[in-house]
Amino acid sequence: MVLKVFLVEDEIIMREGIRKNIDWKKEGFEFVGEASDGELAYSLIQKVKPDILITDIRMPFMDGLELGRLVKQELPEVKIIILSGYDEFEYAREGIEIGITKYLLKPIAAASLLEEVKQVAKEIQKERASQQSFEQERREHAQLMRQKFFRRLVLGHNTASEILKEGREIGMELAADRYNILLFQIFAEEGASANTGQRSLAARDMERLAEHTTQVLMVELGIEGWAFILKETGEQPLEAVLQDFSDGLRAVMRQYPDIEYFGGAGRPVSRLSGLNQCFEQASHAFAYRYLEKRNQIVSSGGLEKPCAPKEADMELELGALEVKKLDRKITERFLKTGRKSQAQQFVEEYFQSFGTQAAQSFLFRQYVVMDMYFAARALLEELGYEPDILQKRCGDFQKMGAVFTTEASGKAYLTNVLETALDLRDSISGKKYRSMLADAKSYICQHFDDENISLNSVAAYVNISPNHFSRIFSQEMGQTFVEYLTSVRMEKAKELLRTSSMKTAEIAFAVGYKDPHYFSNLFKKTQECTPKEFRSQS
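(A) View of unusual backbone geometry. The amide bond that connects Lys106 to the next residue, Pro107, takes the cis arrangement and shows omega of -5 degrees. Examined against the element boundaries, Pro107 turns out to sit in the loop between β5 (102–105) and α5 (110–155). In this structure, Asn295 takes a positive phi of about 60 degrees despite not being glycine. Tracing the chain through its elements places Asn295 in the loop between α9 (275–286) and β10 (296–299). Residue Asn295 is classed as partly exposed on the basis of its relative accessible area of 39%. A positive phi angle, near 65 degrees, is found at Glu528, a position not held by glycine. As for its position among the elements, Glu528 is in the loop between α21 (516–527) and α22 (531–537).

What follows is the structure in structure tokens.
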């Protein structure tokens, strides 16, 4: 970070000495301008916006203190160093009131001035790092609030007025004529060269697209990707909103050919109470990310299944099957990236993708069960498990004739096989990341009071990328990084409220929050009472 320096000095020899005797570029600064008095300097300062202003205090037309006062009003983040040959308390006192960073006496050697400027630069860097951390925490907390709100929204338990009110409180205006939901996820294998860089860039560009589309509200769902709530507000029909936004997502993803994506949309609804049904439809379409080719966005309306034949007991001939759909890679993909909670839905969608007639075939059911079973077994052997681990836990399908008797029994057995395989897979990954998570939690517990702590800084400490760390932390801990950090801070805050006489603002600083009002609001949201109320209860 190169900081910009501006100099105001009416003595030309002094001004030229400061400019020429310090190699500003070599020292990591950019010398952006100079002026002989405050009046000439002010307009130039407004244009170049320096980070550090060095100004003499006694100058014609406009002195350094008056200039400093104007600059602080216009650009409050600028650090001001006053140079003066007058060692008088009144100047220093007035400088403090204005917000002058340093008050130095002339004459001053170039080397000494440079050291003072470097000290100011360190202050600026520290403040900016703190502000960036604070803003990042605000963004992460806002994302968490949106995520929780979305989960409640699609459950359909709240009234329209409650939804609208809570939505406005977290910056989501939901008033509209019609709605739809689009679920979207990007995929890149861990360790792939594109993962850490291109995946982050793709996510950033996609989120920017959503932020600049007024009829789209974005909710980050962590490892599950993103949910976009599409609104029809009179500007254009909802169908056009979906088409235009989908085209925008495709355009973004074309810039990152090494990353795959998939999206699933529901069907339009005219009421907020219908969003739970819309979400179910979108989830149904989204489930096809394991069954269909990636790099497409599908709509629930385009996923109708073939009708059952008139003769329901009609046996399916192998020649009637679309053999290309019986692709083990589909199951392997799910076993590598899916979650246990999705196993039953995956089995249902897999069967339905062949149509009702196929699922009624004993021969078909037998083939699918065997194929999925051996795909799961192959994955577990690859992870180091014994070949008979599934047989021991789920039973040997070759000795269980009932498994193939009905469609329901086949689905139930396969669901159990997949859930067992995913449990075993996650157990391995849990062991792999257990040490890393222990280090991360230890670091958080030791540094929770540091306002600069963030997901990025903890990820850097355990030496993995922020995106990868975020996914692992959420998956293994059952809560996001922000939720965990907040819970640690709130527990310490409650301890201080019980056992000390510290003021709320002091406690906020003590647990890592720069803004006492933000701390109080967060405390109330997470503990369902204000800090003052908690202290009185204790």
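There's plenty left to go through after this.
(B) Main features of the packing of helix α10 (residues 328–337) against helix α11 (residues 343–352). The geometry of α10 relative to α11 is characterised by a closest axis approach of 12 Å and an angle of 165 degrees between their N-to-C directions. Taken together, the axes of α10 and α11 lie roughly antiparallel to each other. Like other packed secondary-structure pairs, α10 and α11 cross with a definite hand, here right-handed. Along the contact surface, α10 presents Ile330, Thr331 and Phe334, while α11 presents Ala343, Phe346 and Tyr350. Residue composition of the contact of α10 with α11, grouped by class: five nonpolar, one polar and no charged.

(C) Structural detail: the pairing of strand β3 (residues 52–56). By the criterion of burial, β3 is predominantly enclosed, with five of the five residues buried. Here β3 shows a buried face lined by Ile52, Ile54 and Asp56 and a second buried face lined by Leu53 and Thr55. Both strand β1 (residues 3–8) and β3 contribute to a ladder of four bridges, which runs parallel. If you follow Val8 over to β3, its bridge partner there is Thr55. Examined bridge by bridge, β3 and strand β4 (residues 79–84) share five bridges and lie parallel to one another. Its bridge partner being in β4, Ile52 is matched across the sheet by Lys79. Each parallel crossover has a hand, and for β3 linked through helix α3 (residues 64–74) to β4 it is right-handed.

(D) Focus on the sheet that holds strand β7 (residues 216–220). Reading across the sheet, the five strands line up as β7-β8-β6-β9-β10 and stay open at both edges, with mixed pairing between neighbours. With one partner strand each, in any of the chains shown, β7 and β10 form the two edges of the open sheet. Going from strand to strand, the sheet's axes swing by 20 degrees on average, the running direction of each strand aside. Summarising the sheet, strand β9 (residues 260–265) and β10 pair through four bridges and their orientation is parallel. Residue pairing in the sheet places Gly263 in a bridge with Ile297 of β10. Across the face of the sheet, helix α8 (residues 238–254) comes into contact with β6 (178–187), β7, β8 (226–232), β9 and β10 while running at roughly 15 degrees to β6.

(E) Broad picture of the packing of aromatic side chains. For the structure on display, the rule yields 17 aromatic pairs. Note on Phe334 and Phe346: the rings are 4.3 Å apart at their centroids and 5 degrees apart in plane angle, and the pair reads as stacked. With Phe334 in helix α10 and Phe346 in helix α11, this residue pair connects regions lying twelve residues apart in the sequence. Owing to a relative accessible area of 3%, Phe346 belongs among the buried residues under this scheme. Aromatic pair Tyr513 and Tyr518: ring centres 5.9 Å apart, planes at 65 degrees, arrangement edge-to-face. On the basis of relative accessibility, which here comes to 1%, the residue Tyr513 falls in the buried class.

(F) A look at α3. Within α3, burial applies to Gly64, Leu65, Leu67, Gly68, Val71 and Lys72. Projected down its long axis, α3 carries its buried residues within an arc of 155 degrees, all on one side.

(G) Inspection of the sheet that holds β3 at higher detail. Ordered by their spatial adjacency, five strands build an open sheet running β2-β1-β3-β4-β5, and the pairing between neighbours is parallel. The open sheet is flanked by β2 (29–35) and β5, the only strands paired with a single partner. Sheet twist, expressed as the mean angle between neighbouring strand axes with direction ignored, is 20 degrees. Those strands touched by helix α2 (residues 38–48) are β1, β2 and β3, and its axis lies near 165 degrees from that of β1.

(H) Inspection of the environment of Lys336 at higher detail. Here Lys336 shows up in helix α10. Separated by 43 residues in the primary sequence, Lys336 and Leu379 place their C-alpha atoms 8.3 Å from one another.

(I) Quick look at the side chain of Thr480. Tracing the sequence through the fold places Thr480 in the loop between α18 (466–477) and α19 (481–499). Assessed through its relative accessible area of 19%, Thr480 is described here as buried. Residues contacting Thr480, with those up to four places away along its chain left out, are Leu144, Phe473 and Ser474.

(J) A look at the pattern of salt bridges. A full pass over the atoms with the stated rule returns 25 salt bridges. Taking the shortest distance from any N to any O, the salt bridge between Glu127 and Lys79 comes out at 2.8 Å. Of this pair, Glu127 sits in helix α5 while Lys79 sits in strand β4, and the two are 48 residues apart along the sequence. Here Glu491 and Lys494 are joined by a salt bridge, their closest N and O atoms 2.9 Å apart. Of this pair, Glu491 and Lys494 both sit in helix α19, three residues apart, which is roughly one turn of the helix. The exposure class assigned to Glu491 is partly exposed, which follows from its relative accessible area of 45%. Three or more residues are tied together by salt bridges with common partners; here these are Glu9, Glu11, Asp56 and Lys106.

Definitions and limits used
Residues numbered from 1 in each chain as written. Predicted model: local features only at pLDDT ≥ 70, side-chain atom pairs only at ≥ 80, totals over all residues. Heavy atoms only, no water. Helix = DSSP H or I, 4+ residues; strand = E, 2+ residues; numbered from the N terminus. Buried < 20%, exposed > 50% of the residue type's maximum accessible area, 1.4 Å probe, protein only. Axes fitted to C-alpha atoms, helices over the stretch in contact; angles between N-to-C directions. Parallel < 35°, antiparallel > 145°, perpendicular 65-115°, else oblique. Left-handed = near helix turned anticlockwise from the far one by under 90°. Contact = heavy atoms within 4.5 Å. Nonpolar A, V, L, I, M, F, W, Y, C, P; charged D, E, K, R; others polar. Pairing = 2+ DSSP bridges. Right-handed = clockwise from strand over helix to strand, strands pointing away. Phe/Tyr/Trp six-rings, centres within 6.5 Å; stacked < 30°, edge-to-face > 60°. Arc of directions from axis to C-beta. Salt bridge = Lys/Arg side-chain N within 4 Å of Asp/Glu carboxyl O.

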